[in-house]
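As a plain string of letters, each chain reads:
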Amino acid sequence: MAVDSTMDADARRGPNPLALAYLAFFGVLALGAVAVTFLGDPHAGESIIGIDVPQPASRAISAQAPTQKPAAPISDQGQTLPPAPQAVTQQIFAGRALIADPALIENTAQGPLPKIADNGAMPMRAYAPPVTGEGHPRIAIVIGGLGISARQTDAALKGLPQGVTLGFLPYAADAQRAVSDARAQGHEVLLEVPMEPFDYPDSDPGPHTLRAGGR
């Protein structure tokens with residue numbers, strides 16, 4: 001009778017929870033195996049039944065061949081030089097102001113350089129803005145050092161009258177944009193080029209120096 005009482009008690013308690021947990025675990029594994037078999041590996045980018053699964057962006061980028069940028073030109077002093085500007089093949093204007101004319105330009109490997117045109121026209125006169133007050137004394141006012149500070153350059157362009165000449169340094173990354181804006185507003189423009197000193201290279205004025213040797 002004691003054995004029968006023990007069996008009745010086990011029947012009243014119901015199924016063993018630990019056994020149910022094992023059954024559920026193995027059931028999930030079996031379902032996962034069936035899903036992989038029919039749907040394919042979701043990380044492989046393709047499946048057995050032909051359903052394409054898009055790859056994550058990071059995997060797609062890493063699969064591409066790396067792009068190599070061309071090395072920047074180096075001067076004989078070891079300085080990194082900016083790429084040469086493109087050749088000028090047609091007239092370029094900033095507003096109504098002419099800022100580039102192929103007749104006044106020699107296209108070289110170092111970029112376009114000014115030259116006297118075949119008809120004798122000189123870049124200095126061809127690019128100059130109209131002059132008023134001929135025959136009267138005139139005073140030239142030049143504001144230099146522009147192009148490095150964007151705030152000061154914008155203030156000069158917005159606040160100074162057309163008669164003031166603006167001088168730009170060659171070190172600004174967007175010097176051409178500022179020069180074009182100044183020309184479009186009627187300003188005469190100068191480029192402040194550092195010159196080679198007598199004791200060069202002991203005294204080095206920095207990059208973009210106009211040297212006697214032409215480099």
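Each chain carries its own residue numbering, running from 1 in the written order of its sequence. Local features in this predicted model are restricted to residues of pLDDT 70 or higher, and side-chain atom pairs are both shown and tallied only at a pLDDT of 80 or more, whereas totals for entire chains, interfaces and linings draw on every residue. Side-chain calculation: all heavy atoms of the structure are included, whereas hydrogens and water are not.

Participant: Would you take a moment to explain the overall build of the protein for this structure?
Facilitator: Counting from the N terminus, the helices are DSSP H or I runs at least four residues long and the strands are E runs at least two residues long. Scanning the protein from terminus to terminus reveals six helices and seven strands. When its helices and strands are written in sequence order, the protein yields α-α-α-β-β-β-β-α-β-α-β-α-β. Here the term buried applies to any residue with accessible area under 20% of the maximum for its type, exposed to any over 50%, and partly exposed to those in between, with areas from a 1.4 Å probe on protein chains only. Counting across all 215 residues of the protein, residues that qualify as buried make up 19%. Residue contacts are counted whenever heavy atoms from the two residues lie within 4.5 Å of one another. Partitioning the contacts of the protein with sequence separation of at least 6, the portion at a separation of at least 24 is 34%. Residue exposure ignores everything except the shown protein chains as possible cover, and the areas themselves are Shrake-Rupley values with a 1.4 Å probe. Accessible area of the protein: about 16500 Å², with a carbon and sulfur share of 61%.

Participant: Just to check I follow, could you spell out the nonpolar core for this structure?
Facilitator: The tendency in soluble globular proteins is for nonpolar side chains to be buried side by side. Listed in full, the 10 residues of the largest apolar core are Leu-146, Ala-156, Leu-157, Val-164, Leu-166, Phe-168, Ala-178, Val-179, Ala-182 and Val-189. Counting residues per element, the ones that place at least two in this core are α5 (150-159), β6 (165-168) and α6 (175-184). With three residues, α6 is the single largest residue contributor to this core. In this structure Phe-168 touches Leu-146, Gly-147, Thr-153, Ala-178, Val-179, Ala-182, Val-189, Leu-190, Leu-191 and Glu-192, once residues within four positions along its chain are discounted. Formed by seven residues, the second largest nonpolar core is a distinct cluster that contains Val-88, Leu-98, Ala-100 and Tyr-127. The definition of a nonpolar core used throughout is a set of buried Ala, Val, Leu, Ile, Met, Phe, Trp, Tyr and Cys residues joined through side-chain atoms within 4.5 Å.

Participant: Quick question: what am I supposed to make of the sheet that holds strand β7 (residues 189-191) here?
Facilitator: Strand pairing in a sheet is mediated by backbone hydrogen bonds. Such pairs are either parallel or antiparallel. Spatial strand order, β5-β6-β7: three strands in an open sheet with parallel pairing. The open sheet has two free edges, formed respectively by β5 (142-146) and β7, since each of these has just one partner strand. Across the sheet, the axes of successive neighbouring strands diverge by a mean angle of 25 degrees, strand direction being ignored. Sheet topology places β5 next to β6; three bridges connect them, and they run parallel. Two strands are said to pair when DSSP picks up at least two bridges between them. Only the stretch in contact is used when fitting a helix axis, every axis being a line fitted to C-alpha atoms; angles between N-to-C directions are given from 0 to 180 degrees.

Participant: Help me understand the pattern of salt bridges in this model?
Facilitator: Throughout this description, the term salt bridge denotes a Lys or Arg side-chain nitrogen within 4 Å of a carboxyl oxygen of Asp or Glu. The final tally for this structure, using the stated rule, is two salt bridges. Across the pair Arg-177 and Asp-181 runs a salt bridge, and its minimum N-O distance is 3.0 Å. With Arg-177 and Asp-181 both in helix α6 and four residues apart, this pair spans about one turn of that helix. The exposure class assigned to Arg-177 is partly exposed, which follows from its relative accessible area of 40%. Bridged by salt links that share partners, the residues Asp-174, Arg-177 and Asp-181 form one connected network.

Participant: It is not clear to me how α6 should be interpreted in this structure. Could you clarify?
Facilitator: For an α-helix, the turn length of 3.6 residues means that residues three or four places apart are oriented alike. Regarding α6, the residues found buried are Ala-175, Ala-178, Val-179, Ser-180, Ala-182 and Arg-183. Buried residues along α6 sit against β1 (92-94), β2 (97-100), α5, β6 and β7. Phi turns positive one or two residues past the end of α6, at Gly-186, with a value near 95 degrees.

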